[in-house]
Amino acid sequence: MHKIKIGVIGTGFIGPAHIEALRRLPNVEVVALADKDDQIANAKADELGIETRYGDYRKLLANPEITSVHICTPNSFHYAMAKEALEAGKNVVCEKPLANTVAEAQELVDLAEKKGLVNAVHFNVRYYPLMRQIRTMAQKGELGEIFAIHGSYLQDWLFYDTDYNWRLEPAFSGKSRAVADIGSHWMDLVEYVSGVRVAEVFADFAIFHKNRKKPLKPIETYAGKLLAPEDYKAVPITTEDYATVLFRFENGARGTLTVSQVAAGRKNRIYFEIDGSKESVEWNSESPNGVWIGRRDGNNQLMMKDPSLVYPESRALISFPGGHQEGFPDTSKQLFKEYYAYLEGDRKEKPKFPTFRDGLRELQLCEKIIESNQKGQWVRL
Ligand code: SOE
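Residues numbered from 1 in each chain as written. Predicted model: local features only at pLDDT ≥ 70, side-chain atom pairs only at ≥ 80, totals over all residues. Heavy atoms only, no water.

Remarks on the packing of helix α1 (residues 14-22) against helix α11 (residues 328-344)
At step 1: As a packed pair, α1 and α11 sit with axes 8 Å apart at the nearest point and diverge in direction by 65°. The hand of the α1/α11 crossing is right-handed. Between α1, through Ile14, His18, Glu20, Ala21 and Leu22, and α11, the contact on the second element is made entirely by Phe328, Pro329, Ser332, Lys333, Phe336 and Tyr340.
At step 2: Class assignment for the residues of the contact of α1 with α11 results in seven nonpolar, two polar and two charged. (Axes fitted to C-alpha atoms, helices over the stretch in contact; angles between N-to-C directions. Helix = DSSP H or I, 4+ residues; strand = E, 2+ residues; numbered from the N terminus. Left-handed = near helix turned anticlockwise from the far one by under 90°. Contact = heavy atoms within 4.5 Å. Nonpolar A, V, L, I, M, F, W, Y, C, P; charged D, E, K, R; others polar.)

Listed below in structure tokens is the structure:
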């Protein structure tokens, strides 16, 4: 049976999640991985059971049997690797953010389209099945006119000043952290499900840990041991732990986003409520298989993920019967399933999955949010 041959670059947190999701699809095969040196690549390839491994991603790109590449490295490498992959004739799935700047993202959109290569950004949150149910409900007018969209994306993995990660270093993560890293997922999601687009933003950032303690050796060295003062280096922090963003949407709707990576007890909670002139809907990623539907003149409802109860558009993202919960790992599987079906198909229809154009959109939103925080005023898109 013909299988699409895939290479994965970067095997930190999300790279292995891509590999696991791809291994659940019958028409693809992960044949190679690359990381920053031979030692890491060999260790990860042995751990993940992948035959071909490279300590230099350019050798993976030179492999003629590889049709598609997944870029799962720290943010600052995405643009260069995606550009080289497209120039090598590879189709590309890139982790968010697509690039470091709007200009770089636009260049990748244009290059992918010029070369006729299939491209995606891993905005996987869209693929919780009930997200497409809400999108279809909005498209059918069931919510009515959208008045307001509000919510939050809260984590606590950077709660202590000793929590350290490349995302804290602008050289690797860019000028924004909480907004660009996770606020981007929330903004992409709410524009996708509601069908309304942001027109203006007003942002207020906060850095609660002005300095953090960077371990002087790999974290593993300290696993299970209390760190002594001499084990750290104090690092000044310039990217936001927290942000509040006000939105004005193109249709006149209003919105708010609270994004934080220092919210104790919130491990990875995405929440939104869309208030329409007919109904409201509310969802949170800690209970991803249910959607609350609010009504003024009738009983509120709790809609559960059940293929027999949702629209066909949502049913296409469901693999298990009602009550059999589908979660974070399933979102990547469903995104890649649509991506590779499109890659193998006639490509006549507009892709259903998030493409480089959606990655560009998020860079545009983040750039204006950063500008608004710096100026302390509303900024138009
Ligand atoms: C860290 O904030 C992180 O891993 C993000 O980088 C991912 O995009 C998000 O899905 C989970 O949290």
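Concerning unusual backbone geometry
At step 1: For the bond running from lysine 96 to proline 97, omega is -5°, close enough to zero to count as cis.
At step 2: Relative to the helices and strands, proline 97 is located in the loop between β5 (91-94) and α5 (102-115).
At step 3: Even without being a glycine, arginine 347 presents a positive backbone phi close to 60°.
At step 4: With respect to the helices and strands, the residue arginine 347 is situated in the loop between α11 and α12 (356-375).

Details of the sheet that holds strand β15 (residues 290-294)
At step 1: The strand order across the open sheet built from nine strands is β16-β15-β14-β13-β7-β12-β11-β8-β17, with neighbouring strands paired in mixed fashion. The open sheet has two free edges, formed respectively by β16 (301-304) and β17 (379-380), since each of these has just one partner strand.
At step 2: Relative to strand β12 (residues 254-260), strand β11 (residues 242-249) is paired through seven bridges, and the arrangement is antiparallel. When the sheet's bridge partners are listed, arginine 248 is paired in β12 with arginine 254. (Pairing = 2+ DSSP bridges.)

Concerning the packing of aromatic side chains
The geometry of an aromatic ring pair is captured by two quantities: the separation of the ring centres and the angle between the planes.
At step 1: With the rule as written, the count across this model stands at 11 aromatic pairs.
At step 2: Seen from their ring centres, tyrosine 342 and phenylalanine 353 are 5.4 Å apart, and the 80° between their planes marks the pair as edge-to-face. Note that tyrosine 342 is positioned in helix α11 and phenylalanine 353 in the loop between α11 and α12, a separation of 11 residues in sequence.
At step 3: Classification of phenylalanine 353 by relative accessible area gives buried; the value is 3%.
At step 4: Of the aromatic side chains, those joined through ring pairs into one cluster are Tyr339, Tyr340, Tyr342 and Phe353.
At step 5: Its guanidinium or amino end placed over the ring of tryptophan 378, arginine 248 lies 3.8 Å from that ring's centre, counting from NZ or CZ. (Phe/Tyr/Trp six-rings, centres within 6.5 Å; stacked < 30°, edge-to-face > 60°. Buried < 20%, exposed > 50% of the residue type's maximum accessible area, 1.4 Å probe, protein only. Lys NZ or Arg CZ within 6 Å of the ring centre and 35° of its normal.)

Topic: the pattern of salt bridges
At step 1: All told, the structure shown has 26 salt bridges when counted by the stated rule.
At step 2: Residue arginine 126 is joined to aspartate 188 by a salt bridge in which the shortest nitrogen-to-oxygen separation is 2.7 Å. One end of the pair, arginine 126, is in the loop between β6 (119-121) and α6 (129-139); the other, aspartate 188, is in helix α8 (residues 178-194), and 62 residues separate them in sequence. There is no split in this pair, since arginine 126 and aspartate 188 are both buried.
At step 3: The salt bridge partner of glutamate 286 is arginine 266, with a shortest N-O separation of 3.5 Å. Here arginine 266 lies in the loop between β12 and β13 (269-276) and glutamate 286 lies in the loop between β14 (280-284) and β15, a separation of 20 residues in the sequence.
At step 4: Judged by its relative accessible area of 43%, glutamate 286 is partly exposed. (Salt bridge = Lys/Arg side-chain N within 4 Å of Asp/Glu carboxyl O.)

Points about the site of the ligand
At step 1: Residues in close proximity to the ligand include Phe13, Lys96, Tyr153, Gln155, Trp157, Arg167, Asp181, Ile182, His185, Gln261 and Asn268, which together make up its full environment.
At step 2: One of the side-chain N or O atoms of glutamine 155 is found 3.0 Å from an oxygen atom in the ligand.
At step 3: Here an oxygen atom of the ligand and a side-chain polar atom of aspartate 181 are 2.6 Å apart.
At step 4: Against a free-state accessible area of 310 Å², the protein chains account for coverage of 87% of the ligand.
At step 5: Looking at the shell around the ligand residue by residue, the classes come out as four nonpolar, four polar and three charged. (Near = heavy atom within 4 Å. Polar contact = N/O pair within 3.5 Å; in protein donor to acceptor, adjacent residues only side chain to side chain. Areas by Shrake-Rupley, 256 points an atom, 1.4 Å probe, with all protein chains shown as cover.)

Details of the domain arrangement of the protein chain
At step 1: In terms of domains, the protein chain is made up of domain 1 (4-117) and domain 2 (125-380).
At step 2: Its largest share of buried area at the contact with domain 2, domain 1 owes to Arg24, Lys96 and Val102, together 21% of the area lost on that side.
At step 3: The tally of links from domain 1 across to domain 2 stands at three salt bridges.
At step 4: A salt bridge links arginine 24 to aspartate 330; the shortest N-O distance between them is 2.9 Å.
At step 5: Seen at the junction of domain 1 and domain 2, the total is 12 residue pairs in polar contact (both at pLDDT 80 or more).
At step 6: Those elements that place two or more of their residues in the side of domain 1 that touches domain 2 are β1 (4-9), α1, β4 (68-71), β5 and α5.
At step 7: With seven residues, the single largest contributor to the side of domain 1 that touches domain 2 is α5.
At step 8: Each residue belonging to the side of domain 1 that touches domain 2 can be placed in one class, and the counts come to 22 nonpolar, 12 polar and four charged. (Domains from an automatic or database assignment. Buried area = accessible area lost by both parts, 1.4 Å probe.)

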